[in-house]
Amino acid sequence: MSASDHVNLEKFMEGVEKRNQGQTEFIQAVREVAQDIFEFIEDKVEYHEAQILRRIAEPDRVVSFRVCWEDDNHNIRVQRGWRVQNNNAIGPYKGGLRFHPSVNESILKFLAFEQTFKNSLTGLPMGGGKGGSNFNPRGKSDSEVMRFCQSFMTELYRHVGPDTDVPAGDIGVGAREIGYLFGQYKRITNRWEGVLTGKGLEYGGSQVRSEATGYGAVYFMANMLKHKGDSIEGKNAVISGSGNVATHAAEMILNQGGKVLTLSDSGGFIHDPDGMTQEKLNWVKHLKTVKRGRIQEYCDEFSGATFHKGERPWGVACELALPCATQNELNEEEARALVKNGVMAVAEGANMPTTLEGVHVFQEAKIMYGPGKAANAGGVAVSGLEMSQNAERISWDSDRLGKLLEGIMAEIHESCVTYGDQSDGYVDYVKGANIAGFKKVADAMLAYGVV
Ligand code: NDP
Ligand code: 2IT
């Protein structure tokens, strides 16, 4: 980056910080993208003149609303709901819904911003959005979750639609929640249409969607390794999280001959030095989606495993690391520990799990590092294919969808290499993903003029 670029970048970021005070996650996400984009657009006057990055970093709209519901003890509860519609230059807004007590406007704005680049990278016609609520599904009965989802959709329905905005799942929103949300949309509008993805297979869902994010992250990692003549076979993997993304990433690591040593949740991590098997993973999936239990119960079930209360797994020696829980769950110090212990490749199943300082540690050490917007794009890619199937009113088989997912992840890897290849042969996947994702959205915006 030239000196004048640096000055421009800092001036740009000053404005972003001023306009989005206290929204630390959003500012972090914009900075991570802006540093690469400033360099890329240095000699591209049309992007400067049209203020493209400034416009992408200002959501088209942020809808915020009250969500009232009644708990099982007849208490009236009040939550806040949001939908952030970041950018629809290349297709309807698309992105998940997150239900977690930490959810706020900053987190949803960062996720919607990231989603805009990620969706562009998939090659499918999808804009970027994200939504959710500070509702905590943990410990709630099915009836409580149903009443919350119905109340949430009673407001959300007026802002979404199959050609307008198509939400899906994210943290705390899985098959159960999507079912309740879709049921309420259908009831209010009297329309059966593909307004959500991640639906059950009985009612318009797609094969391979539930596996897609985790499998895709491992395909991306396999592509990074293949680019350097290597593979996952025989390598040790450390994974955080134990939800949809983490368990499917673990499954695909096993399928490709790797060994999975850890999983985690917000209570701590489990370390299984013998490695996980498909049977053990099936047990975890049941624990998390049916019993809704805690990962520490793994150690009561499988001998040899240990639970590390309140800790994250990044101190366990491994060649492969897959953060699959949440944002900023891997910091500078933890990145250094991974590098010291011999990590070769990092693929992010979660969105922005590594802090900016942590990313720099990986890049300086020339670790293969696949950022979330590239590595975890498999989920939204298959969501895009679910939209296609709903529009065609037909379901494709899992073989076809599995191959499409693998192909899309390989193409995303290629796009990252195209824009991220450095003179010493190191691939800067952050830069590659940012530029490839930006270019398509930016060119569409240029075509529209000032709107
Ligand atoms: P799930 O709700 O299925 O699982 C989330 C997992 O992360 C749980 O193990 C949860 O533990 C843990 N977790 C959540 N918040 C925290 C926290 N603050 N600290 C520590 N652990 C935490 O969600 P997903 O697997 O769907 O999502 C995981 C990540 O992947 C998120 O970053 C999401 O944005 C991203 N992602 C998801 C996609 C999808 O298709 N689902 C697509 C692309 C990205 P606990 O139960 O204790 O909260
Ligand atoms: O972060 C993400 O890409 C998701 N939560 C999935 C979004 C989607 O629309 O499938």
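For the structure itself, look to the data block above.
Here's what I pulled together on the structure shown here. Every value quoted in this text rests on a predicted model; they were computed, and no experiment measured them. (Residues numbered from 1 in each chain as written. Chains lettered and ligands numbered in written order. Predicted model: local features only at pLDDT ≥ 70, side-chain atom pairs only at ≥ 80, totals over all residues. Heavy atoms only, no water.)

## Remarks on the sheet that holds strand E2 (residues 76-87)
Part 1 of the argument: Strand order in the open sheet formed by five strands is E1-E2-E4-E3-E5, with mixed pairing between adjacent strands. With one partner strand each, in any of the chains shown, strand E1 (61-70) and strand E5 (165-168) form the two edges of the open sheet. Here the average twist between neighbouring strands, direction ignored, is 20°.
Part 2 of the argument: Relative to E2, E1 runs antiparallel, the two being bridged by 10 bridges. Residue pairing in the sheet places Val-62 in a bridge with Val-84 of E2. (Pairing = 2+ DSSP bridges. Helix = DSSP H or I, 4+ residues; strand = E, 2+ residues; numbered from the N terminus. Axes fitted to C-alpha atoms, helices over the stretch in contact; angles between N-to-C directions.)

## Looking at the state of the cysteines
Part 1 of the argument: Overall, the coordinates contain zero disulfides when judged by the stated rule.
Part 2 of the argument: Considering cysteine sulfurs only, Cys-324 is the nearest to Cys-416, which forms no disulfide, with 17 Å between them. (Disulfide = S-S within 2.5 Å.)

## Concerning the environment of Tyr-157
Part 1 of the argument: In this structure, Tyr-157 sits in the loop between helix H6 (142-156) and E5.
Part 2 of the argument: A sequence separation of 78 residues divides Tyr-157 from Gln-79, and the C-alpha atoms of the two residues are 17 Å apart.

## Here's the deal with the site of ligand 2
Part 1 of the argument: Around ligand 2, the structure places 13 residues, and the nearest of them are Lys-94, Lys-118, Lys-130, Asp-170 and Ser-383.
Part 2 of the argument: Within the side chain of Lys-130, an N or O atom sits 2.9 Å from an oxygen atom of ligand 2.
Part 3 of the argument: Measuring from a nitrogen atom of ligand 2, one finds a side-chain N or O atom of Asp-170 at 2.9 Å.
Part 4 of the argument: Considered on its own, ligand 2 offers 290 Å² of accessible surface; in the complex 94% of this is hidden by protein. (Near = heavy atom within 4 Å. Polar contact = N/O pair within 3.5 Å; in protein donor to acceptor, adjacent residues only side chain to side chain. Areas by Shrake-Rupley, 256 points an atom, 1.4 Å probe, with all protein chains shown as cover.)

## Thoughts on the packing of H6 against helix H7 (residues 175-189)
Part 1 of the argument: Packing of H6 against H7 brings their axes to within 8 Å, and their N-to-C directions diverge by 45°. Viewed along their axes, H6 and H7 adopt a mutual orientation that is oblique. In terms of crossing hand, the pair formed by H6 and H7 is right-handed. Across from Asp-142, Val-145, Met-146, Cys-149, Gln-150, Phe-152, Met-153 and Thr-154 in H6, the residues of H7 making contact are Arg-176, Glu-177, Tyr-180, Leu-181, Gln-184, Tyr-185, Arg-187 and Ile-188.
Part 2 of the argument: Residues of the contact of H6 with H7, tallied by class, amount to nine nonpolar, three polar and four charged. (Parallel < 35°, antiparallel > 145°, perpendicular 65-115°, else oblique. Left-handed = near helix turned anticlockwise from the far one by under 90°. Contact = heavy atoms within 4.5 Å. Nonpolar A, V, L, I, M, F, W, Y, C, P; charged D, E, K, R; others polar.)

## Some remarks on the packing of aromatic side chains
Where two aromatic rings form a pair, the distance of their centres and the angle of their planes describe that pair.
Part 1 of the argument: Under the counting rule described, the total for this entry stands at 22 aromatic pairs.
Part 2 of the argument: On the numbers, 5.3 Å between centres and 90° between planes, the contact of Trp-69 with Phe-135 is edge-to-face. Of the two residues, Trp-69 is situated in strand E1 and Phe-135 in the loop between strand E4 (128-133) and H6; the sequence distance between them amounts to 66 residues.
Part 3 of the argument: With relative accessibility at 3%, the residue Trp-69 sits in the buried group.
Part 4 of the argument: A relative accessible area of 0% places Phe-135 in the buried class.
Part 5 of the argument: Here Phe-113 and Phe-117 contribute two aromatic rings whose centre-to-centre distance is 5.0 Å and whose plane-to-plane angle is 65°, an arrangement assigned as edge-to-face. Here Phe-113 and its partner Phe-117 are both found in helix H5 (residues 105-121), four residues apart, which amounts to about one turn of the helix. In this structure, Phe-113 and Phe-117 share a single accessibility class: buried.
Part 6 of the argument: Linked through ring pairs, Phe-65, Trp-69, Phe-99, Phe-135, Phe-148 and Phe-152 together constitute an aromatic cluster. (Phe/Tyr/Trp six-rings, centres within 6.5 Å; stacked < 30°, edge-to-face > 60°. Buried < 20%, exposed > 50% of the residue type's maximum accessible area, 1.4 Å probe, protein only.)

## Some details on the packing of helix H12 (residues 332-340) against helix H13 (residues 356-364)
Part 1 of the argument: Close contact between H12 and H13 brings their axes to 7 Å; oriented N to C, the two are set at 25°. In terms of their interaxial angle, H12 and H13 are classed as roughly parallel. Helix-helix and strand crossings are classified by hand; for H12 and H13 the assignment is right-handed. Side by side, H12 and H13 meet where Glu-332, Ala-335, Arg-336, Leu-338 and Val-339 of the first sit next to Glu-357, Gly-358, Val-361 and Phe-362 of the second.

## Side note on the sheet that holds strand E9 (residues 306-309)
Part 1 of the argument: Taken together, the seven strands give an open sheet; going across it, the order is E9-E8-E7-E6-E10-E11-E12, and neighbouring strands pair in mixed fashion. Strands with a single pairing partner mark the edges of an open sheet, and in this sheet they are E9 and strand E12 (368-370). Within the sheet, the average angular offset between the axes of one strand and its neighbour, ignoring direction, is 15°.
Part 2 of the argument: The sheet contact formed by strand E6 (residues 236-239) and strand E10 (residues 320-322) spans three bridges and is parallel. Note on E10: the bridge partner recorded for Val-238 is Ala-321.

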